Each structure stands twice: as structure tokens, then as C-alpha cells.
There are 2 protein chains.
Amino acid sequence: MPKIHVCLTPALISLFDLSDKRVVVTDVLRATSAMVTGLAHGVASIRPVSTADEAKRWEELGYLGAAERDGKVVDGFSFGNSPFAYMGEEVQGKKIALTTTNGTKAIQLSEGALEIMAAGFVNLEATVLHCAKFEEDVLVHCAGWKDQFNIEDTLFAGAMVFHLEQHGFRCADDAGMAAKMLYEQTRNDLFGFLKNSSHYHRLSRLGIEKDIEYCLKENVVDAVGIIRNGELVKA
Amino acid sequence: MPKIHVCLTPALISLFDLSDKRVVVTDVLRATSAMVTGLAHGVASIRPVSTADEAKRWEELGYLGAAERDGKVVDGFSFGNSPFAYMGEEVQGKKIALTTTNGTKAIQLSEGALEIMAAGFVNLEATVLHCAKFEEDVLVHCAGWKDQFNIEDTLFAGAMVFHLEQHGFRCADDAGMAAKMLYEQTRNDLFGFLKNSSHYHRLSRLGIEKDIEYCLKENVVDAVGIIRNGELVKA
């Protein structure tokens, strides 16, 4: 019986052996939600890079550069990680080089896994169904916030545990059990829950309420995002 | 308004500035529960040490040595971290040098804090009332299991958030919010919850059901445990 593991922040990823696991990286607000939205809307690929300078250098090779730090688009770039920037004609068929505060780092730290996916609530079901096709263990790697635990990524991990258990997976650790409990308690109104929490100000300060509402909707797109040769593509 | 922070495992403690905080270290099963039980039953002091060899060396200076690894008493010692070993005449008035898998390490990694306490459900109220006497922030440092998140320490952190909020503290982070939600959901029957969880086998395998039942009871003793000169003593 395959197992599902949960890593609550990138600072804990070294505690896991990734070599026999499919890793699902999530940065719900907003990097991985934006990425899979892009793939679903015709973006050719998204290359996670470490710095804004690196994203600029990829522009010279024909990529669109995108950069976000601390929730804001970096100066000199036309977009960052708002999912609504990944839906229009201007990104259609394009390759994007993207750097973000947390999400791209978590993808890079997942190196060595059997397979690396990026996912969020917006493609929850598609990701669950993809994982359930295989026999190997799954690990959800929460991008967190600057190595700290965050609630929205943990809720997504809980959603993965909740649904993969229905496909015969067994929850492997206390983190997965706790995440599932939190998801079950809040799943009927994820946006309302986050909005009423005292921690919402971290996000609402940035004026991205519409983005948040979008990123907390389940199963809006059916693309599965998988890393191949250093770039996220549609499976 | 003072804040309460939660650090879910020792692997994350470096993310916090401890210098302006009172740190409450918890290793519910069983190190810190046993320690404060000992203080309440007349143990003079408990010195957390890193290795069994070190505990042995303190025996030469008149201490009782105690050592636990992976839930078992280390060979050559008469006791480890079972709370029931900290209640009898043989420990009365004695100094103890103790090493455990997780708890003593978390205490050592809390160095630099304004004050370091050790606590568990058994002295929850006493610890809350002690913290509420001061204006400074409190951080609950969960000992976890070999740097991994564990549910019982997180539930205790949630209990601290729950009660300190009633004394005017404000929850500082997502980890504290999540921990409090988990505690509110399980507080009416912590033992039943843990026993029915699939993770109980980690502990029940060791034949310590009585210990677990004791460690999950709230407010059994009223001692507050504080580190002074490298040893835990009654405040």
C-alpha cells in the first residue's frame, strides 16, 4: 500500500529520502497555482530559477521573464506570480522563466525525487488522479513562507492526504494526519476561513484578494504540472 | 500586547529570535512531562545532558543518571523518562542528570532565550499562569521526533495558545493558529484521539500506555520548571 508523506516546510525536506517518492510541491499563494494555471491556458513551459537576474538572462534566450519577491512583482518585470497573468494571449505558447520567494526554491530542493510536480487547489483532482496511477509513495512539499510553516500550503497537503487515502494510500506521518484534520475542518469554506483568520493581513496587505480567492478554488483546471529537463510542463 | 509563537520542531528554531522571548520546551511523551513531575515530587533539579556517557559522568558527582533513547531506558541506567520513575522516595531531594532522544536537545537549542521552561499537559495551567505574569512574548518549542513534527507536542502548543489568548496574548503565526485548531478539536479526549490515530503504534509498541495516559492529563501537578544554571528547577 503506497504512503503519503507531508513535509511542512523546505527547512525539513532533508529529513526525507526523496529517491523513491513522487514529490508534489505546493505554494498555494501563489506560485504553483499560477504555474499550473499557465499550463492549462497554453503556456509551453515554466522554468523555475533562483534570482531575478537569472530570469532576465533567460529573456535573452526567448523566454518571458517573471519575478516575484515578498508578494510583489520585481522592478523591470511585467509580471510575477499572479495567476491572472498566466491566462492571456501574451503567454500563449511561450516559455517562462520564473523566480518567486518560496515556490521555486521548494522545487529546486526537491531534486532527486522520482518525479517532481507543482500543484495547488486549482488542479487538486488532476494531481490526485495522476499520483493514484502509480504504486510509489507521494510526498507533499509545502513551500511555506521563508522556511516557516504556513497554513494554506498545509491545507493543500491535507487535501492531498484526504483524497489519496480514498485511492488506497496510507498517511505516513503525524504532519499528514494534522494537515488532513485541518483540511476537513475548513474545506467547506477555505477562503472564508483564511479571511477570518488573524493571519490574513499578511496577504490582504498586498491587495491580492482576487488572486487568493482564485487560488483557493478546487479543480478549476485539469492540467498536471511535471518537471522535465528543469522546466514545468503539462503531463 | 504580548504574542505567543510556536516552533513545530527543533529544526526550525533558528528561524526565531529567542533573545526577547520566554521559551517553553515541550516533549510531552515523555521527557518534559517526567521532569516537571519530578520537580513536583521533590526532585531537587534535573540537568539535561547530551549523551548517556555524560549522564554517567555526573553520577560520579552525586547525581542520579537517567537515559532514554528511542523510547527505551539505556543499558546501565535504572531509569529513563517514564514519569512514574520520578515520583518515588528514591528520587526525593536528588539531583538528576538526564539525556533523552528529543527533549534535552530542544532545551539545549533554546539557549539565548530570556527564560527556558520545560512543560507538558501535566503542568499546563501552572505554566500558563507563570507566562501570563510577564509582558514578554512566549515561544513554545516542540521537541518533535528526531526533528520531525509530532502531533502530541503540537497539541500542547495549541493548548498554550488557547489559554494564553485568554490572558491577552495574541497568536503570532500560522503554526500557533493550526496548533490551536487541532487542540480545540481533540481536547475533550486527548488520549482517545491519540489512541485511535494510526500513529499511536509508534508509542504503543513500547508498552508505555500508562505513561501516555498520564502525560496527556491536564494539570496533575502545579510545579513550573525553569532552567537555572543549566538545571531545571522549580520556579
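Up top is the structure.
One structure accompanies this document, and this report is about it. In this text the structure is predicted, and so the values were computed from the model without any measurement.

Here we look at the packing of helix α5 (residues 151–165) of chain A against helix α6 (residues 174–186) of chain A
Residues and elements named next belong to chain A. Packing of α5 against α6 brings their axes to within 7 Å, and their N-to-C directions diverge by 95°. On the basis of the axis angle, α5 is roughly perpendicular to α6. In contact with I151, T154, L155, A157, G158, A159, V161, F162, H163 and E165 of α5, α6 contributes G176, A179, K180, L182, Y183, E184 and T186. Looking at the contact of α5 with α6, its residues break down into 9 nonpolar, 5 polar and 3 charged.

Considerations on helix α6 (residues 174–186) of chain B
All names here are of chain B. If you check α6, its first and last C-alpha atoms are 19 Å apart, about what 13 residues at 1.5 Å a residue would give, namely 18 Å. Here α6 lies mainly inside the structure; 11 of its 13 residues are buried. Along α6, the positions that sit buried rather than exposed are D174, A175, G176, M177, A178, A179, K180, M181, L182, Y183 and T186.

What about the environment of G71(A)?
Residue and element names in this part refer to chain A. Mapped onto the secondary structure, G71 falls in the loop between β4 (64–69) and β5 (72–73). When its relative accessible area of 13% is taken as the criterion, G71 is described as buried. Separated by 55 residues in sequence, G71 and A126 place their C-alpha atoms 27 Å apart.

Looking at the pairing of strand β11 (residues 231–234) of chain B
All names here are of chain B. Pairing analysis gives 4 bridges linking strand β10 (residues 225–228) to β11, with the strands arranged antiparallel. Opposite R228, over in β11, you have E231 as the bridge partner. In textbook terms, the turn of a hairpin is the stretch between consecutive antiparallel strands, and for β10 and β11 this stretch comprises 2 residues, one of which, N229, has a positive phi near 55°.

Here we look at the interface of chain B and chain A
Each partner contributes to the interface: chain B provides 28 residues, whereas chain A provides 28 residues. Surface buried jointly by chain B and chain A totals about 2300 Å² across both partners, of which 70% is contributed by carbon and sulfur atoms. Applying the counting criterion to the chain B and chain A interface returns 0 salt bridges. One can count 2 residue pairs in polar contact (both at pLDDT 80 or more) joining chain B with chain A. Of all the elements, α6(B) adds the most residues to the side of chain B that touches chain A, at 8 residues. Within the side of chain B that touches chain A, the residues separate by chemical class into 15 nonpolar, 7 polar and 6 charged.

The rules behind each value
- Residues numbered from 1 in each chain as written.
- Chains lettered and ligands numbered in written order.
- Predicted model: local features only at pLDDT ≥ 70, side-chain atom pairs only at ≥ 80, totals over all residues.
- Heavy atoms only, no water.
- Axes fitted to C-alpha atoms, helices over the stretch in contact; angles between N-to-C directions.
- Helix = DSSP H or I, 4+ residues; strand = E, 2+ residues; numbered from the N terminus.
- Parallel < 35°, antiparallel > 145°, perpendicular 65-115°, else oblique.
- Contact = heavy atoms within 4.5 Å.
- Nonpolar A, V, L, I, M, F, W, Y, C, P; charged D, E, K, R; others polar.
- Expected span 1.5 Å × (residues − 1).
- Buried < 20%, exposed > 50% of the residue type's maximum accessible area, 1.4 Å probe, protein only.
- Pairing = 2+ DSSP bridges.
- Buried area = accessible area lost by both parts, 1.4 Å probe.
- Salt bridge = Lys/Arg side-chain N within 4 Å of Asp/Glu carboxyl O.
- Polar contact = N/O pair within 3.5 Å; in protein donor to acceptor, adjacent residues only side chain to side chain.

The values are spatial; any link to function lies outside them.
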